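Letter by letter, the chains look like this.
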Amino acid sequence: MAASKLIEPLSGTAVPRWQLALLVGVPIVFGVGALYLLERMSLVDHAREAHQKGIKYFNAAKYQNAIHCFTEAIEICPTEKKRDLSEFYHNRAWAHEQQMKWTEVVRDCTEAVTRNPHCIKAFLKRAKAHEKLDNKKECLEDSIAVSIMEDYRNMEIRDPLRKIIRRMGNEALDEYENREWTMPSPQYIKSYFGCFTDDIISQPLQKGEKKDEDEDNEGEASEVTASHHLSSGYLKAKHYMEEEEYDKIISECTKEVDSEGRYLAEALLLRGTFHLLTANFVAAEADLDRIINMQEANVKLRANALIKRGSLYNQTNERILSRQHFNMAAEIDACNPDVYHHRGQLKMVLDQASGALEDFDKSILLRSDFALTQAQRSFALFTQEFTWLFQSRKAIQQALDGFKDVIKRFPTCAEGYALYAQALTMCKLFGEADEMYDKCIELEPDNATHYVYKGLLQLRWKRDLDWASKSELCLDLIRKAIEIDNKCAFAYESMGCVELLRMAGSSLFISGGGGPSQYVGLPGCFPAF
């Protein structure tokens, strides 16, 4: 191999060839870079020119020509020019929209928002296209995104948003009316029946115990025998209720009703109650109305049916009928504490704290050892003082002290701690409220609602945490609630609300006393399904 040689200087110059090459090469390299940049700038200019040409065709209603120009702009535009590309894709989607090519609109709008997530007009067009394609869920998501980005001030989105919500609501209603009715969790059922103290159908049957208190001896048999258990659908249903085999109750009651057996009224009330618990309200109304009109039935059964029917009317916003049914119950069974307890709950829902206090006092006078009424009365008193125009710190503190008295007298009543927690939350005493929810969970570890309320409390508390951390704490507790009771509708509804708040961020105002309503006790006479 020949030995390497140094590069000789060119004749007539003292500059070595390698230095000359460097001197010549550097401007050449810079020139190539400049040419590249000029070429990219030229591509952008050409793309914009094609785009402007497309706009002219669009304004002349020559939409296919416009699409051709917008496509040319997209194809030659450099990929790093994301805002330009977003605009080109959006305008091509606009041209497709004029031709009612909704699938193409969705495709191009998706490309637009991928390159510019703040392109509100692309979200709007995609929402409209999804609506035309009957993609309701996607339409709703895009509509909500626009509403949040525009701080709910965009009037253009309101009509389609209302439409899609109305359509989804109607479809959900149709599905709901034709659904297979499912039984709630055993914990929920026990809590529901725990709201009554003078209820024949929830009392366990005992051998040798006389159940009928009417003079004509109508009602349950005085003796519960093996033959009765074999022949009476109602008594079988009561047996299944004691065994917590709730899915068998409606069918056994139906056997009693169809045979017009001795316990017809009791079977109607028990079946109607379980229709209520499964949210089959049409069937529940039929059974309850039938008992109410049975003049020969035990007055306790009719009063109980009137209470539940009144609560059902309240749920459908038929306030006058609701009030009439509660008043009828009070007329036919004036010494029934359940009537006043549940009418008091109704008045609390209607923000009539003073009237609720009167009813709770009547109920307590008839049954002073019922912890739920005592707890509800304390909350009514607190609400009255807290919402009074001229608030008195002393009066509010006295109302809070009333809760302490209730939980001291009834230390195993979780409802007392839950309502106290809500009152503390309204007073912004979040740490103490959290302790009360912990006590609820300790007393009723299988009650999913306690976990949900504790989770919602985290959103108003924990000011040292950012919104993402607080919402995750909340969702962890709601997930725990669903793990405990996968039929808890309140948990799913709350999770949906929190996820929506997470989309909007902490700028949304969270109102209420730690939950979705200002007054939250046991479900009263109407299941929240």
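That block above? That's the structure.
Bear in mind that the values here come from a model prediction, so they are computed numbers and not experimental data. (Residues numbered from 1 in each chain as written. Predicted model: local features only at pLDDT ≥ 70, side-chain atom pairs only at ≥ 80, totals over all residues. Heavy atoms only, no water.)

Draft legend 1. Just the overall build of the protein, in detail. Broken down by element type, the protein carries 24 helices and zero strands. For the protein, the residues scored as buried account for 47% of the 529 residues in total. Pairs at least 24 apart in sequence give 58% of the contacts found in the protein among residues at least 6 apart. (Helix = DSSP H or I, 4+ residues; strand = E, 2+ residues; numbered from the N terminus. Buried < 20%, exposed > 50% of the residue type's maximum accessible area, 1.4 Å probe, protein only. Contact = heavy atoms within 4.5 Å.)

Draft legend 2. Region of interest: the side chain of Asn 314. Take Asn 314: it is sitting in helix α14 (residues 299-315). Here the side chain of Asn 314 touches Arg 319 through a polar contact of 2.3 Å, side chain to side chain. (Polar contact = N/O pair within 3.5 Å; in protein donor to acceptor, adjacent residues only side chain to side chain.)

Draft legend 3. A look at the environment of Trp 461. Inspection of the secondary structure assignment puts Trp 461 in the loop between α22 (448-460) and α23 (467-484). Judged by its relative accessible area of 22%, Trp 461 is partly exposed. Beyond its immediate stretch of four places on either side in the chain, Trp 461 contacts Phe 430, Gly 431, Asp 434 and Lys 470.

Draft legend 4. Examining the environment of Arg 271 more closely. Inspection of the secondary structure puts Arg 271 in helix α12 (residues 264-277). Taking the C-alpha atoms as reference points, Arg 271 and Glu 252, separated by 19 residues in sequence, lie 8.8 Å from one another. Arg 271 has contacts with Ile 250, Cys 253, Thr 254, Val 257 and Asp 287, leaving out every residue within four places of it along the chain.

Draft legend 5. The arrangement of the packing of aromatic side chains in detail. The tally for this structure, following the rule as stated, stands at twelve aromatic pairs. Ring geometry for Phe 193 and Phe 274: centres 5.8 Å apart, planes at 40°, overall tilted. One end of the pair, Phe 193, is in helix α8 (residues 186-193); the other, Phe 274, is in helix α12, with 81 residues separating them in the sequence. When sorted by exposure, Phe 193 lands in the same class as Phe 274, which is buried. Ring geometry for Phe 403 versus Tyr 420: centroids 5.3 Å apart, planes at 15°, classification stacked. Taken together, the residues span a long stretch of sequence, with Phe 403 in helix α19 (residues 393-409) and Tyr 420 in helix α20 (residues 414-426) at a distance of 17 residues. For Phe 403, a relative accessible area of 1% puts it in the buried group. Taking relative accessible area as the criterion, Tyr 420 reaches 5% and is therefore assigned buried. Taken together, the ring pairs in this structure connect Tyr 192, Phe 193, Phe 196, Tyr 246 and Phe 274 into an aromatic cluster. (Phe/Tyr/Trp six-rings, centres within 6.5 Å; stacked < 30°, edge-to-face > 60°.)

Draft legend 6. Molecular detail of the nonpolar core. Judged by nonpolar contacts, the single largest core of 100 residues is most densely connected at Ile 249, Leu 270 and Phe 274. Take this core: its biggest share by element is nine residues, from α12. Beyond its immediate chain neighbours, meaning those up to four positions away, Phe 274 contacts Met 183, Ile 189, Phe 193, Met 241, Tyr 246, Ile 249 and Ile 250. Counting 22 residues, the second largest nonpolar core, distinct from the first, contains Ala 47, Ala 50, Cys 109 and Leu 124. (Core = buried A, V, L, I, M, F, W, Y, C linked by side-chain atoms within 4.5 Å.)

Draft legend 7. Focus on the pattern of salt bridges. Applying the stated criterion to the full structure yields 28 salt bridges. Across the pair Glu 244 and Lys 190 runs a salt bridge, and its minimum N-O distance is 3.4 Å. Placement of Glu 244 in the loop between α10 (233-242) and α11 (249-258) and of Lys 190 in helix α8 is noted, with a sequence separation of 54 residues between them. (Salt bridge = Lys/Arg side-chain N within 4 Å of Asp/Glu carboxyl O.)

Draft legend 8. View of helix α4 (residues 102-115). Compared with the 20 Å implied by 1.5 Å per residue over 14 residues, the 20 Å span of α4 between its first and last C-alpha is a close match. Looking at the buried residues of α4, the elements they touch are α3 (82-98) and α5 (120-132). (Expected span 1.5 Å × (residues − 1).)

Draft legend 9. View of the environment of Thr 254. Along the chain, Thr 254 falls in helix α11. Taking C-alpha positions, Thr 254 is 10.0 Å from Leu 270, a pair spaced 16 residues apart along the chain.

Purely geometric numbers; function is a separate question.
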